Amino acid sequence: MKIGELSQRTNTPVRMLRYYEEQGLIHSERLPNGYRNYEDYVVDRVWQVRGLLDVGLPTRIIKQILPCLDSSRAIHLPYVTPDMIATLEHERDRMAEKIECLTKNHRAINDYLEAVSHEIRAS
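Here the structure is a predicted model, which means the values were calculated and not measured.

Trainee: What exactly am I supposed to notice about the UniProt feature "domain: HTH merR-type" (unreviewed entry) in the protein chain here?
Mentor: The sites that UniProt annotates as "domain: HTH merR-type" (unreviewed entry) are residues 1-68. Within the segment residues 1-68, helix and strand shares are 60% and 6% respectively, and the terminal C-alpha atoms sit 25 Å apart.

What follows is the structure, encoded as structure tokens:
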């Protein structure tokens, strides 16, 4: 698929997709006319990258852990450093805090909607 379609399917600006490619986070083939051509799996990869960026991971760390997201057996130990482990542990803990907060907010909204729905039905 061309970059425009990838952009639409992932709701990601073309400029950002080019940046992801520059950073080695996604890959494309070049067609004879110079256009980028992406395989279908790149859609999921873009969503993974965006999710990791959303929780604050820098692209240099994302690039290192992306192979591990495809398969837990694809861990490349030569690239693991104590700083990377500390960063990942910190980010993992931050993610857990965000998940906890989102879960509480989800419950609150759900409870509110249930109460409102009950009130509407009772009227």
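Trainee: Would you explain the pattern of salt bridges in this entry?
Mentor: Opposite charge on two side chains makes pairing possible when the charged atoms of those side chains draw close. Applying the stated criterion across every chain yields a total of six salt bridges. Note that Glu91 and Arg94 form a salt bridge whose closest N and O atoms lie 2.6 Å from each other. Of this pair, Glu91 and Arg94 both sit in helix 5 (residues 82-122), separated by three residues, roughly a single helical turn. Judged by its relative accessible area of 7%, Glu91 falls in the buried class. Accessibility expressed as a relative area gives 27% for Arg94, which makes it partly exposed.

Trainee: Would you take a moment to explain the environment of Asp40 for this structure?
Mentor: Among the secondary structure elements, Asp40 is positioned in the loop between strand 2 (36-37) and helix 3 (41-54). Judged by its relative accessible area of 54%, Asp40 falls in the exposed class. Measuring from C-alpha to C-alpha, the distance between Asp40 and Leu6 comes to 8.7 Å, with 34 residues separating the pair along the chain. In this view, Asp40 contacts Met1 and Arg9; residues no more than four positions away in its chain are not counted.

Trainee: Help me understand the nonpolar core in this model?
Mentor: One recurring pattern in soluble globular proteins is that nonpolar side chains are buried together. Core analysis: the biggest nonpolar cluster contains 19 residues, and Leu6, Leu17, Tyr20, Ile26, Tyr38, Val46 and Ile62 have the highest contact counts within it. Only helix 1 (3-10), helix 2 (14-22), helix 3 and helix 4 (59-70) provide two or more residues apiece to this core. Counting residues per element, this core draws most heavily on helix 3, which supplies five residues. Ile62 has contacts with Leu25, Val49, Leu52, Leu53 and Leu57, leaving out every residue within four places of it along the chain.

Trainee: Got a minute to help me understand helix 1 in this structure?
Mentor: Residue pairs three or four apart in sequence face the same way in an α-helix, which turns once every 3.6 residues. Within the sequence span of helix 1, burial applies to Ile3, Leu6, Ser7 and Thr10. The arc that holds the buried residues of helix 1, viewed along the axis, is 100 degrees, so those residues lie on one side. Buried residues along helix 1 sit in contact with helix 2, strand 2 and helix 3. Just past helix 1, the residue Asn11 takes up positive phi, approximately 55 degrees.

Conventions used here
- Residues numbered from 1 in each chain as written.
- Predicted model: local features only at pLDDT ≥ 70, side-chain atom pairs only at ≥ 80, totals over all residues.
- Heavy atoms only, no water.
- UniProt positions renumbered as here; feature names shortened; annotations may be inferred.
- Helix = DSSP H or I, 4+ residues; strand = E, 2+ residues; numbered from the N terminus.
- Salt bridge = Lys/Arg side-chain N within 4 Å of Asp/Glu carboxyl O.
- Buried < 20%, exposed > 50% of the residue type's maximum accessible area, 1.4 Å probe, protein only.
- Contact = heavy atoms within 4.5 Å.
- Core = buried A, V, L, I, M, F, W, Y, C linked by side-chain atoms within 4.5 Å.
- Arc of directions from axis to C-beta.

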